[in-house]
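Below are the chains, spelled out letter by letter.
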Amino acid sequence: MIKRRFTYHSPDSLDEALGALAEHGSDAEVVGGGTWVVPEMTHGARVPAHVVDLRRAGLAGVAESNGGVSIGAMTTYAQLAGAPLIAERAGALGTMAAGITGGAQVRNQGTLGGSACYATPSSDAPGALVGLDATMNLRSSSGSRSVAAGDFFKGAFEADVGDGELLESITLPAPPAGVKFGHYKLKLVESSWPIATATAVVGVDGDGRLTAVRISVGGVNTKPYLVDTQELVGSSIDDDTAAAVMTAARAGATDPYGDVLASGEYRQQVSGVVAKRALLAAA
Ligand SMILES: Cc1cc2nc3c(=O)[nH]c(=O)nc-3n(C[C@H](O)[C@H](O)[C@H](O)COP(=O)(O)OP(=O)(O)OC[C@H]3O[C@@H](n4cnc5c(N)ncnc54)[C@H](O)[C@@H]3O)c2cc1C
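Residues numbered from 1 in each chain as written. Predicted model: local features only at pLDDT ≥ 70, side-chain atom pairs only at ≥ 80, totals over all residues. Heavy atoms only, no water.

Engineer: Looking at this structure, how should I read the domain arrangement of the chain?
Structural biologist: For interface size, the figure often reported is the accessible area lost on association. For the chain, the assigned domains are domain 1 (7–56), domain 2 (62–172) and domain 3 (180–282). Measuring from the centre of the C-alpha atoms in domain 1 to the corresponding centre in domain 3 gives 36 Å. (Domains from an automatic or database assignment.)

So this is what it looks like as structure tokens:
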């Protein structure tokens, strides 16, 4: 039960939501799916005077966008997992969404935008968005701006969302022809949170050589990072390539994050394995 009184706003449009935020400033809390923010209000960790619930603001949905995909910030994991466009153009995001622990309740309620804005280091979504080269589209009552996912995640629990701003949508570019996707996460047990995740976008020619390779790692550093794979284009997918990916992923683990699930040192150690498994899952 939430013990403190607050005024509940349920805007019917993005403009109305932005108006409520502009009016109430730091007294207002935005609610996406509410899977984080509502428990925090229940515990008393957040005590807003105003709550702006985005559920009716028209921000959910997956649509075609210049050969890529546009995803409304309020799109739930279940909607992502079931969207044919996601399967076709950004398969790793569908795999990621289907694999969120917490059961159908969390997958039906939690949103991609909420996960991105909360920027929990070990969440699945931030790393996947960096791997897929996403662009984050933000709006405030004074204008709009777009930020590359790689810049949007600034650190542990720190995303580039300013006062009075809302994440409106996320766009993914058209994938290079014929690429395949992989998302891999390391967990302690089936029901636990990810310790480390990796997302791979991989192109392979008829001779089994890599034509494109982009791999991101999440959960290891305080924010997701890209593995340096430049040298690997043209290589076959064999043990040498897998070893090179592991070495490069570990080299990128320069700012490791530790929590109750695993130490930073452990995460650094496993970064190579998760990157390799995402590559193999894609290829
Ligand atoms: C039991 C359980 C299991 C879970 N398992 C996993 C897992 O395996 N992997 C994983 O990655 N995550 C997992 N999660 C976390 C889940 O991914 C997040 O709770 C969820 O994505 C947050 O989204 P939300 O829409 O509920 O955000 P909310 O709780 O509504 O909001 C989170 C934060 O983002 C802000 N916000 C929300 N939407 C916007 C917006 N459009 N613009 C600006 N700010 C916004 C809110 O103000 C708040 O600060 C789990 C959660 C639970 C409860």
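Engineer: Sorry, what's going on with the site of the ligand here?
Structural biologist: With respect to spatial proximity, 30 residues lie near the ligand, and among them Val30, Gly33, Thr35, Tyr77 and Thr111 are the closest. Backbone polar atom of aspartate 124 to an oxygen atom of the ligand: 2.7 Å apart, as the coordinates give it. In this structure, leucine 167 approaches the ligand through a main-chain N or O atom, which is 2.9 Å from a nitrogen atom. Among the secondary structure elements, those contributing two or more residues to the shell around the ligand are β2 (28–31), α7 (112–118) and β10 (166–172). It is α7 that provides the largest number of residues to the shell around the ligand, a total of 4 residues. Partitioning the shell around the ligand into residue classes produces 15 nonpolar, 11 polar and 4 charged. (Near = heavy atom within 4 Å. Polar contact = N/O pair within 3.5 Å; in protein donor to acceptor, adjacent residues only side chain to side chain. Helix = DSSP H or I, 4+ residues; strand = E, 2+ residues; numbered from the N terminus. Nonpolar A, V, L, I, M, F, W, Y, C, P; charged D, E, K, R; others polar.)

Engineer: Can you help me understand the pattern of salt bridges in this one?
Structural biologist: If charged atoms from side chains of opposite charge come close, those side chains can pair. For the structure on display, the rule yields 13 salt bridges. Residue arginine 145 is joined to aspartate 160 by a salt bridge in which the shortest nitrogen-to-oxygen separation is 3.1 Å. Remark: aspartate 160 occurs in the loop between β9 (158–159) and β10 and arginine 145 occurs in strand β7 (residues 143–148); sequence separation between them is 15 residues. Taken together, the shared-partner salt bridges in this structure form one network comprising Asp15, Arg139 and Glu168. (Salt bridge = Lys/Arg side-chain N within 4 Å of Asp/Glu carboxyl O.)

Engineer: How should the packing of aromatic side chains be read in this particular structure?
Structural biologist: Aromatic ring pairs are defined here through the distance separating the ring centres and the angle between the ring planes. Within the structure shown, the criterion is met by 4 aromatic pairs. Ring geometry for tryptophan 36 and tyrosine 118: centres 4.8 Å apart, planes at 25 degrees, overall stacked. Of this pair, tryptophan 36 sits in the loop between β2 and α2 (37–43) while tyrosine 118 sits in helix α7, placing them 82 residues apart in sequence. Tryptophan 36 sits in the partly exposed class, given a relative accessible area of 36%. On the basis of relative accessibility, which here comes to 17%, the residue tyrosine 118 falls in the buried class. With a centroid separation of 5.2 Å and an interplanar angle of 90 degrees, the aromatic rings of phenylalanine 152 and phenylalanine 153 are classed as edge-to-face. We note that phenylalanine 152, like phenylalanine 153, is buried. An aromatic cluster is defined as three or more aromatic residues linked by ring pairs; in this entry it consists of Trp36, Tyr118, Phe157 and Trp193. (Phe/Tyr/Trp six-rings, centres within 6.5 Å; stacked < 30°, edge-to-face > 60°. Buried < 20%, exposed > 50% of the residue type's maximum accessible area, 1.4 Å probe, protein only.)

Engineer: What's the story with the nonpolar core in this structure? I'm lost.
Structural biologist: Soluble globular proteins tend to bury their nonpolar side chains together. Counting 35 residues, the largest nonpolar core has Leu93, Leu112, Leu129 and Met136 as the members making the most contacts within it. Looking at this core, the elements that each hand over two or more residues are β5 (68–72), α3 (77–81), α5 (91–98), α7, α8 (124–131), β6 (135–140), α9 (149–152) and β10. Excluding residues within four positions of it along the chain, leucine 112 makes contact with Ile71, Ala73, Thr75, Leu80, Leu93, Met96, Ala125, Leu129 and Ile170. In this structure, Ala262, Val270, Val274 and Ala278 belong to the second largest nonpolar core, which totals 25 residues. (Core = buried A, V, L, I, M, F, W, Y, C linked by side-chain atoms within 4.5 Å. Contact = heavy atoms within 4.5 Å.)

Engineer: Where do I start with the sheet that holds β2 in this structure?
Structural biologist: In any sheet, the strands associate via hydrogen bonds between backbone groups, in a parallel or an antiparallel arrangement. Overall, parallel pairing links the 3 strands, which are arranged β1-β3-β2 in an open sheet. The strands lining the two open edges of the sheet, one partner per strand, are β1 (7–9) and β2. If you compare each strand with its neighbour and ignore which way they point, the axes differ by 20 degrees on average. Across 4 bridges, the pairing between β2 and strand β3 (residues 50–53) is parallel. In the sheet register, valine 30 faces β3, and the bridge partner there is valine 52. (Pairing = 2+ DSSP bridges. Axes fitted to C-alpha atoms, helices over the stretch in contact; angles between N-to-C directions.)

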